[in-house]
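# Structural characterization, general
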Amino acid sequence: MKVFIDAQRCQGHGRCFSLAPSVFGFDELGNGHVLGDGVVEGESLALARLAEANCPEHAISIGES
Ligand code: F3S
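To start, this report covers the structure provided alongside it. (Residues numbered from 1 in each chain as written. Predicted model: local features only at pLDDT ≥ 70, side-chain atom pairs only at ≥ 80, totals over all residues. Heavy atoms only, no water.)

## Concerning the overall build of the chain
Helices and strands together make up the secondary structure of the chain, namely two helices and four strands. Traced from its N-terminal end to its C-terminal end, the chain shows the element sequence β-α-β-β-α-β. For the chain, whose C-alpha radius of gyration is 10 Å, the value lies close to the compact-globule estimate of 11 Å for 65 residues. Viewed in the frame of its principal axes, the chain has a C-alpha envelope of about 30 × 20 × 15 Å. (Helix = DSSP H or I, 4+ residues; strand = E, 2+ residues; numbered from the N terminus. Rg over C-alpha atoms; globule rule 2.2 N^0.38 Å.)

This is the structure in structure tokens:
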């Protein structure tokens, strides 16, 4: 699976990189971005799903890689 952040929706709430620092980072404005190629599995997928559920802007999505 692959995780995405919609930069148009992200408002920098930071829950993604707080909950899943192995999956998400943040830029100089504090907006979240996906680390590496975004491919997640196992524990990383579970953390990505947790972040997806907790993003107030619904900016995170997970789809087929
Ligand atoms: Fe942005 Fe949502 Fe993360 S608003 S910083 S993608 S928790």
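## Here we look at the site of the ligand
Around the ligand, the neighbouring residues are Cys10, Gln11, Gly12, His13, Gly14, Arg15, Cys16, Phe17, Gly32, Cys55, Glu57 and Ile60. With three residues, helix α1 (residues 15-19) is the largest single contributor of residues to the shell around the ligand. Residue composition of the shell around the ligand, grouped by class: five nonpolar, five polar and two charged. (Near = heavy atom within 4 Å. Nonpolar A, V, L, I, M, F, W, Y, C, P; charged D, E, K, R; others polar.)

## Some remarks on the environment of leucine 50
Note that leucine 50 resides in helix α2 (residues 42-54). Along the primary structure leucine 50 and cysteine 16 are separated by 34 residues, whereas in three dimensions their C-alpha atoms are 8.2 Å apart.

## Some points on the nonpolar core
Ranked by size, the top nonpolar core spans 16 residues in total, and within it Val3, Cys16, Val23, Phe24, Val40, Ala48 and Ile60 carry the most contacts. Mapped onto this core, the elements with two or more residues apiece are α1, α2 and β4 (60-63). Top contributing element to this core by residue count: α2, with three residues. Not counting chain neighbours up to four residues away, the residues in contact with phenylalanine 24 comprise Val3, Ile5, Cys16, Phe17, His33, Val34, Leu35, Ala48, Ala51 and Ile60. (Core = buried A, V, L, I, M, F, W, Y, C linked by side-chain atoms within 4.5 Å. Buried < 20%, exposed > 50% of the residue type's maximum accessible area, 1.4 Å probe, protein only. Contact = heavy atoms within 4.5 Å.)

## So, the packing of aromatic side chains
Summed over all chains, the structure comprises one aromatic pair. With a centroid separation of 4.6 Å and 40° between ring planes, the pair formed by phenylalanine 17 and phenylalanine 26 is classed as tilted. Its relative accessible area of 53% is what places phenylalanine 26 among the exposed residues. (Phe/Tyr/Trp six-rings, centres within 6.5 Å; stacked < 30°, edge-to-face > 60°.)

## Remarks on α2
Here α2 is 13 residues long and its end C-alpha atoms lie 19 Å apart, about the 18 Å a rise of 1.5 Å per residue gives. Buried positions along α2 lie against β1 (2-5), α1, β2 (24-26) and β4. (Expected span 1.5 Å × (residues − 1).)

Take it as geometry only, folks, not as evidence of what the structure does.
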